[in-house]
Amino acid sequence: MKFNTKVIHGGQQHEKATGAVMTPIFQTSTYAQSSPGAHKGFEYSRGANPTRSALENAFASIENGTRGFAFASGLSAIDAVLRLLKPGDEVVTGNDLYGGTYRMFTRLFQKYGLKFHFVDITKTENITNAISAKTKLVWLETPTNPLMNIADIEAITKAVKNKDAAILVAVDNTFATPYLQRPLDMGVDIVMHSATKYLGGHSDLVMGALIVKDENLAKELHFIQFAAGAIAGPMDAFLALRGIKTLHVRMQRHCENGRAVADFLNKHSKVEKVYYPGLEDHPNHEIASKQMDDYGGMVSFRLKNEKREAALRFLESTTIFTLAESLGGVESLSNHPITMTHASMPEEERLKIGITNSLIRLSVGLESVDDLIADLEQALEK
């Protein structure tokens, strides 16, 4: 099936008892057994639930994987990946990461004996140079949050596997979604999503996803999910499954509007710099064009006025862009990374990579692009 068909039908079956086209919400914790161990494939909903299973099949289908897993949040999905490791193991990752991921790495797992190396992932040699005999995982975000840097997934994966085939490579594909790039097809071992964002698409759920191809890795992750218990509930699974069915048409508009907003900001006299991989002057534009089918709906920019007050004035003045955490919903959102998503990152580290007082991140939604640009225009003039 082509992608636009997969999001609607991939991995799905009509419900057997009634023929329901949409998978019902199986709001149950447990399942009747005719004899101990004799059941219909479900025992207890921490292990499996029919609604969650349907969603996990959809995850696997749209990412060209064999197994998908739905977690209670994106961070709990990342937590499950790190539980594959043991004290003394090392992780190579980017220096431009979602603040929650950075916080988990540095404030939770570092004290449990894992060591993290934060490097500029736009250069493959930075990653390979950081690999040691203790490296067990390379964790990538691309595009990155919030600076929209692009890692060459295929080149990095090949270089890592050439050094040590046992090192796992994982990609946070939240910003791009499988509509734009499919890391498993580029040799990656694990794809992660905050399904709260584009996969759900309507700002009404919190969820994480992992997708893999290797069956042994799938068994390990399923055990971790079952043993630790950070599962998605059936109602959220139903909402995410519904959201995936419109992913293709939503992403088309996100991309169209994102490009238009980036072009507008790039020409505005009060804007110092725009971070959007679709712009030809983006340092990673060529790589983005090679591995992505389009450039997405996330746009970050810096004001020429570097004072924090200037950014706050802009953020408080928009009427269509809502100042809020998160991204990837149908509505347009704005975000101030230093006070919101990246507040847990030390100031020295933020400034080192360019997360400054005047940096603003936009999640460009599905509204009329004329209205979005008019909203940005009036807020920039305040």
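Structure: above.
None of the values given here were measured: they were computed from a predicted structure.

Examining helix α6 (residues 153-163)
Piece 1. For α6, the full list of buried residues reads Ile 153, Ile 156, Thr 157, Ala 159 and Val 160. Each buried residue of α6 lies within a common arc of 165° when the element is viewed along its axis, so the set occupies one face. Those residues of α6 that are exposed and aimed more than 90 degrees away from the buried face are Lys 158 and Asn 162.
Piece 2. Of the surrounding elements, those touching the buried residues of α6 are α5 (124-130), β4 (135-141), β5 (168-172) and α11 (285-291).

Quick notes on the sheet that holds strand β8 (residues 271-275)
Piece 1. Spatially, the five strands line up as an open sheet ordered β8-β9-β12-β11-β10, and their pairing is mixed. In the strand order of this sheet, the two ends are held by β8 and β10 (322-323), each with one partner.
Piece 2. Of the pairings in the sheet, the one linking strand β11 (residues 333-335) to strand β12 (residues 359-363) comprises three bridges and is antiparallel in character. Within the sheet, the bridge partner assigned to Leu 333 lies in β12 and is Ser 363.

Examining the side chain of Lys 197
Piece 1. Mapping Lys 197 onto the fold places it in the loop between β6 (190-194) and β7 (208-212).
Piece 2. Although Lys 197 lies buried, it forms no salt bridge, and the closest oppositely charged side chain, Asp 172, sits 8.1 Å away as judged by the N-O distance.
Piece 3. When sequence neighbours within four positions are dropped, the list of residues in contact with Lys 197 reads Thr 174, Ser 326, Leu 327 and Gly 328.

Examining the side chain of Ser 363
Piece 1. Following the sequence through the fold, Ser 363 ends up in strand β12.
Piece 2. Looking at Ser 363, its side chain comes within polar contact range of the main-chain nitrogen of Gly 328, at 2.9 Å.
Piece 3. Filtering out sequence-adjacent residues up to four positions away, Ser 363 remains in contact with Tyr 198, Gly 297, Met 298, Phe 321, Leu 327, Gly 328, Glu 331, Ser 332 and Leu 333.

Here we look at the nonpolar core
Piece 1. Core analysis: the largest hydrophobic core is formed by 68 residues, its most contacted members being Leu 55, Phe 59, Met 207, Leu 265, Val 274, Phe 301 and Leu 362.
Piece 2. With seven residues, the single largest contributor to this core is helix α10 (residues 247-266).
Piece 3. Sequence-distant contacts of Leu 362, defined by excluding residues within four places in its chain, comprise Val 261, Leu 265, Gly 297, Met 298, Val 299, Phe 301, Phe 321, Leu 333, Ser 334 and Leu 376.
Piece 4. Grouped together as the second largest cluster of nonpolar side chains are 28 residues, Leu 97, Leu 114, Leu 137 and Leu 210 included.

Parameters and conventions
Residues numbered from 1 in each chain as written. Predicted model: local features only at pLDDT ≥ 70, side-chain atom pairs only at ≥ 80, totals over all residues. Heavy atoms only, no water. Buried < 20%, exposed > 50% of the residue type's maximum accessible area, 1.4 Å probe, protein only. Helix = DSSP H or I, 4+ residues; strand = E, 2+ residues; numbered from the N terminus. Arc of directions from axis to C-beta. Contact = heavy atoms within 4.5 Å. Pairing = 2+ DSSP bridges. Lys, Arg positive; Asp, Glu negative; His and termini not counted. Salt bridge = Lys/Arg side-chain N within 4 Å of Asp/Glu carboxyl O. Polar contact = N/O pair within 3.5 Å; in protein donor to acceptor, adjacent residues only side chain to side chain. Core = buried A, V, L, I, M, F, W, Y, C linked by side-chain atoms within 4.5 Å.

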